Amino acid sequence: MKKRTFYYIALILGLSIILIVTLFRPQASRYEGFRAHRMVAHAMGGIEGLTYSNSFEAFEANYAKGTRVFEADLLLSKDDELIARHEWGESFTKMMGQEKVMDPGTHAAVWTFEEFKNAKIMGKYEPLSWDDILDLMEQHPDMYLVTDTKQIEPEEIDQIFTKIVESAKQKDPALLERIVPQIYYQSMWDAIEDIYPFESVIFTLYQTHDSDDEVVRFAKEKGLAAITMSETRANENLVSALNKIGVPSYVHTINDPKTILKFKRMGVYGFYTDFLEEDDAGRVGWLEYLGL
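Notes on the structure follow.

Criteria and thresholds
- Residue positions are given per chain, counting from 1 as you read along its sequence in written order.
- The model is predicted, so local features are restricted to residues of pLDDT at least 70 and side-chain atom pairs to those at 80 or more, both for listing and for counting; the totals for chains, interfaces and linings are taken over all residues.
- Just so you know, side-chain values use all the structure's heavy atoms and leave hydrogens and water out.
- When a residue's accessible area, from a 1.4 Å probe over protein chains only, is under 20% of the maximum for its type it is buried; when over 50% it is exposed; and in between it is partly exposed.
- Secondary structure elements follow DSSP: runs of H or I no shorter than four residues count as helices, runs of E no shorter than two count as strands, and numbering proceeds from the N terminus.
- Along the arc lie the directions from the helix axis toward the C-beta atoms.
- In what follows, a contact means two residues having at least one pair of non-hydrogen atoms within 4.5 Å.
- Here a polar contact means two N or O atoms within 3.5 Å. Within protein one must be a hydrogen donor candidate and the other an acceptor candidate, and residues neighboring in sequence count only if both atoms are side-chain atoms.
- Every case where a carboxyl oxygen of Asp or Glu lies within 4 Å of a side-chain nitrogen of Lys or Arg is listed as a salt bridge.
- A residue counts toward a patch only above 30% relative accessible area and without a salt bridge, and it is joined to like-charged neighbours within 9 Å or, for Val, Leu, Ile, Met, Phe, Trp and Tyr, to nonpolar neighbours within 5 Å.
- In these tables, accessible area is a Shrake-Rupley quantity obtained with a 1.4 Å probe, and a residue counts as shielded only by the protein chains included in the view.
- Counted as positive: Lys and Arg. Counted as negative: Asp and Glu, with His and the chain ends omitted from the count.
- A charged residue contributes its charge at one atom only: NZ of Lys, CZ of Arg, CG of Asp or CD of Glu.
- Pairing between strands requires that DSSP locate at least two bridges from one strand to the other.
- Throughout, right-handed denotes a crossover for which the path from the first strand over the helix to the second runs clockwise when the strands point away from the viewer.

1. Section: helix α9 (residues 236-244)
- Every buried residue of α9 is listed here: L238, V239 and L242. Each buried residue of α9 sits inside an arc of 95° when the element is viewed along its axis, so together they form one side. Among the exposed residues of α9, those pointing more than 90 degrees away from its buried face are E236, N237 and K244.
- Against the buried residues of α9 lie α8 (212-222), β8 (226-230), β9 (249-252) and α10 (257-266).

Written as structure tokens, this is what we have:
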């Protein structure tokens, strides 16, 4: 009797271990390209608690954690060079810890390329130019780059994406296969398509007033790679409609694993994040496993 009881206990424990391993192992992706990955490092990812740095060290730290898809904020410098920076302004200069290395009169100004490259972030992190990012893509052939162009007027879009395409072609035309433009309104599709027919394009919804139905129709018509939305814009009807046409949804910017599970139960596929890792999006929680 004791042997039988021990046998049943051992069996239950063994099955429990198998179930736990099954639940929490990362899920395989059904997509290819950048969509094989469910996490996008926001502004090259966070580093030592700092966000929005778009720095070389942030890239290195997050690549080492297994992240392969990186979003970069892209702006034109005063002398029209393409650089990775979220915004201009005194408060952002202070947020990046650059006020001590720049003259007070420049804190709120648009910097030249040289000023930008010489102003280390927090006194130690290296700012990235677009050419620096292309170098990283060349050195890391499994890296994807999602553009977040902070200037979105038609003439600015034309200038920025012309630079993106021409510089990539000069270095290695194959790099363009791993560059994923992010568009902010429907007509931006045509503007970019006129410059270069990128393989994958993401539509991010935070600046558009399009209805959910309009978003779904546009995604289907253009064969968009993904739709990105804020936590407040995400809803089950929109996500479900996109899933039905094979377009995955991403939500930004998420740094809490519990929030990831909430949106995954809604049907969301991927997430922009500062600090989480690829495996955090692939794990299955108990409620998700049970279909709740």
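2. A look at the side chain of S77
- Within the element layout of this structure, S77 appears in the loop between β2 (69-76) and β3 (82-84).
- With relative accessibility at 3%, the residue S77 sits in the buried group.
- One polar contact links S77 to D79, side chain to side chain, over a distance of 2.6 Å.

3. Some details on the pattern of salt bridges
- Under the counting rule described, the total for this entry stands at 12 salt bridges.
- Notably, a salt bridge pairs E90 with K94, separated by 3.6 Å at the nearest N-O pair. Residue E90 and its partner K94 are both found in helix α3 (residues 90-95); the two are separated by four residues, about one turn of the helix.
- The partly exposed category is assigned to K94, whose relative accessible area is 46%.
- The salt bridge partner of E221 is K222, with a shortest N-O separation of 3.6 Å.
- Within this structure, K117, K120, E126 and D132 form a network of salt bridges that share partners.

4. Concerning a negative patch on the surface
- On the surface, a cluster of negative charge is made up of E153, E155, D158, D190, E193 and D194.
- When contributions to the negative patch are tallied by element, the ones reaching two or more residues are α6 (154-171) and α7 (187-195).
- Residue contributions to the negative patch peak at three residues, all from α7.
- Within the secondary structure layout, E155 lies in helix α6.
- By relative accessible area, which is 55% here, E155 ends up exposed.

5. Concerning the pairing of β9
- Burial along β9 is two-sided: the residues S249 and V251 and Y250 and H252 are all buried.
- Sheet analysis places β8 next to β9, joined by four bridges and oriented parallel. Looking at the pairing, I227 lines up with S249 of β9.
- Traced from β8 through α9 to β9, the parallel crossover comes out right-handed.
- Pairing analysis gives two bridges linking β9 to strand β10 (residues 270-273), with the strands arranged parallel. Across the sheet, the residue bridging to Y250 is G270, located in β10.
- Regarding topology, α10 serves as the crossover connection from β9 to the parallel β10, and that connection is right-handed.

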